[in-house]
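The primary structure of each chain is shown beneath.
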Amino acid sequence: MTSLLEVEDLSVGFRTRRGVVHALSHASVTIRPGELLLVVGESGSGKTVLAHTLLALLPRNVDVSGSVRLGGQELLDLPPAELRRVRGRRMALIPQSPASSLNPVRKLGGQLLEAARARGLREKQARTRLRELLAELGLDLEFIGGRYVHQLSGGMQQRVVNAMALVGEPDIVIADEPTSGLDADLVDATAAQLREISARGASLLVITHDLRLAERLAGRLALLYASRIVEVGPTMSFFAGPAHPYGRELLRALPEREGKSIPGLAPELTALPGHCAFADRCPDRFDRCGESIPDLYPAPDGVLARCFVHAER
Amino acid sequence: MLSAEAITKSFRAATGRLVAIDRVSLELECGARLGLVGPSGSGKSTLAQIMAMLLAPDGGAVRIDGDRVDVWGVRCRRELRHRVQLVFQAPRVAVDPRLRLGEAILEPLAASAIMPAGAEERAELLQTWAARVGLTGDLLERFPHEVSEGQLQRACLARALVVRPRYLICDELSSMLDVSTQAALLETVAAIQAERELGVLLITHDRVLADAWCGAVADIRELSTRDEAEAVAVAAQSRAGALNVLLRGGLRRATRP
């Protein structure tokens, strides 16, 4: 099947006072139509930067190289007007914190309609569409429309931003940390909604550090460490046994497994080593790990892993 | 022992009184690790702030090693406040953005008897605590926006411990962190807790984490001494409570298609 989104050799660096922060190095991923891809990693590993690059939401002090194609169209050098036509209609974002991404001083009805009109819907069409969408999410447009964001619970706010993202019937929805700060009930609800979005046929890119959410959403998983993809493959293979030592140690840190931390810290993004970035913390380290950066090698079960252990296979 | 006895607290809200907690009692022993769980809006953070003497309750009493607290907030005796320390949920908001990490860690000691007079001793004290929570290199010279959330939370932990408390309340210490950073932070707390006989109250919405890390776990909804009928009546009155009830009903529908 052909790919919907193709990210190829994408590198993003921020020029800062302390030097260039290499937020993303040579990342390549593809998403097929209707597929769900999870991007997992600790804070500072480059996950949010990936989402923001796809949507061209990066600040000015940034250098981007590589290629991002949506349905064959290159997005990185698209003029702003063209980009606006892609954003929201073909590609939509569910932002990290619904409470702070909605306007606090406007009623939600106006904000929802504005989002729908920006996707090219007429007033009447927009109302019908929003009413249907919200009803599917268990909300009523009239009830929601007359309220301000602070008058809704966290779960309702989440559903409002989901509706906003879906109103343009995008080919791909990007959800950035959809569960951060939510309690167990809301995580359940969010997971169910994300699965529903996926079931409607949209591709889904979920950025998260929540491993439990990842396990429940299944699909495919890309694990990021220190700006690089270190493992990519079916989510279920990852949870059954990660191919990369970092993945394995990360799962051991889950409180329901061993709750054991990985010794040491991830390298600073301003001073990434010229060898495997995990080598200094890796229990399986051998000589070659300190010499060069491993490629993504094929591991069992259709997984690719950036570890020399798999190089000899 | 740090004890909360039948604590009640309500807030003014546009829709009337919002009852955050109603006659909640909790006891934390020295050297114990107690977990406190409950959904958002159930009053966990309110109870934490009252037990740390930052917020005055409407009713009930807080006792620290037998001493009853009767003045709250900044006017409370410093010696008493130092005995119970709170690590807040969001380190980015909890730390003054204009202080370097090193300054932030020593800030609670300003003008206190524990603060060493000489610059050298101060630097030594800072180094000791920084090493203890795993802050190395030039991190102490950086501003909060120049470090990661995990590193900043480590500084907040050091900041709470530097006044040598007997009880430490961690309010969602790690909910924003990835699992490995969370495990590392909790390993640090566990080591210091064991060494200093610290009583630790770990507030979290992650039941799995609480069960794994704590000796005992309490659900805030079960700590109230009021009966069930009353609880429902209160929930119906309070906005947070009502939303929780509403939401749980709604979620069951959402999760079971």
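Above this note sits the structure.
Conventions used here
- Residues numbered from 1 in each chain as written.
- Chains lettered and ligands numbered in written order.
- Predicted model: local features only at pLDDT ≥ 70, side-chain atom pairs only at ≥ 80, totals over all residues.
- Heavy atoms only, no water.
- Pairing = 2+ DSSP bridges.
- Helix = DSSP H or I, 4+ residues; strand = E, 2+ residues; numbered from the N terminus.
- Axes fitted to C-alpha atoms, helices over the stretch in contact; angles between N-to-C directions.
- Contact = heavy atoms within 4.5 Å.
- Salt bridge = Lys/Arg side-chain N within 4 Å of Asp/Glu carboxyl O.
- Buried < 20%, exposed > 50% of the residue type's maximum accessible area, 1.4 Å probe, protein only.

> What exactly am I supposed to notice about the pairing of strand β1 (residues 2-13) of chain B here?
Working note: regular strand, side chains alternate between the two faces of the sheet. All names here are of chain B. Of the strand pairs in this sheet, β1 and strand β4 (residues 59-64) are connected by five bridges, and their pairing is antiparallel. Opposite S3, over in β4, you have R63 as the bridge partner. The antiparallel hairpin formed by β1 and strand β2 (residues 16-28) contains two residues in its connecting segment.

> For this particular structure, what's the right way to read the sheet that holds strand β9 (residues 216-219) of chain B?
Hydrogen bonds along the backbone pair up the strands of a sheet, which may run parallel or antiparallel. All names here are of chain B. Taking strand neighbours across the sheet as the criterion, the five strands line up as β6-β7-β8-β3-β9 in an open arrangement whose pairing is parallel. Each of the sheet's edge strands pairs with one partner strand only, and the pair in question is β6 (84-87) and β9. The mean angle between the axes of side-by-side strands here comes to 20 degrees, regardless of whether they run parallel or antiparallel. Note: strand β3 (residues 33-37) against strand β8 (residues 199-203), four bridges, orientation parallel. Its bridge partner lying in β8, R33 is registered against V200. Running over the sheet, helix α7 (residues 179-196) touches β3, β7 (167-171) and β8 and is turned about 155 degrees from β8.

> Just to check I follow, could you spell out the pattern of salt bridges for this structure?
Pairs can form between side chains of opposite charge whenever their charged atoms are close. Applying the stated criterion to the full structure yields 41 salt bridges over all chains. A salt bridge links A:R212 to A:E256; its shortest N-O distance comes to 3.0 Å. With A:R212 in helix α9 (residues 211-217) and A:E256 in the loop between α11 (245-252) and β11 (297-299), this pair connects stretches of sequence that are 44 residues apart. The exposure class of A:R212 is partly exposed, given its relative accessible area of 26%. The partly exposed category is assigned to A:E256, whose relative accessible area is 39%. The residue B:D206 makes a salt bridge to A:R212 at a minimum N-O spacing of 2.9 Å. In this pair, B:D206 is assigned in the loop between β8 and α8 (207-213) and A:R212 in helix α9, connecting two distinct chains.

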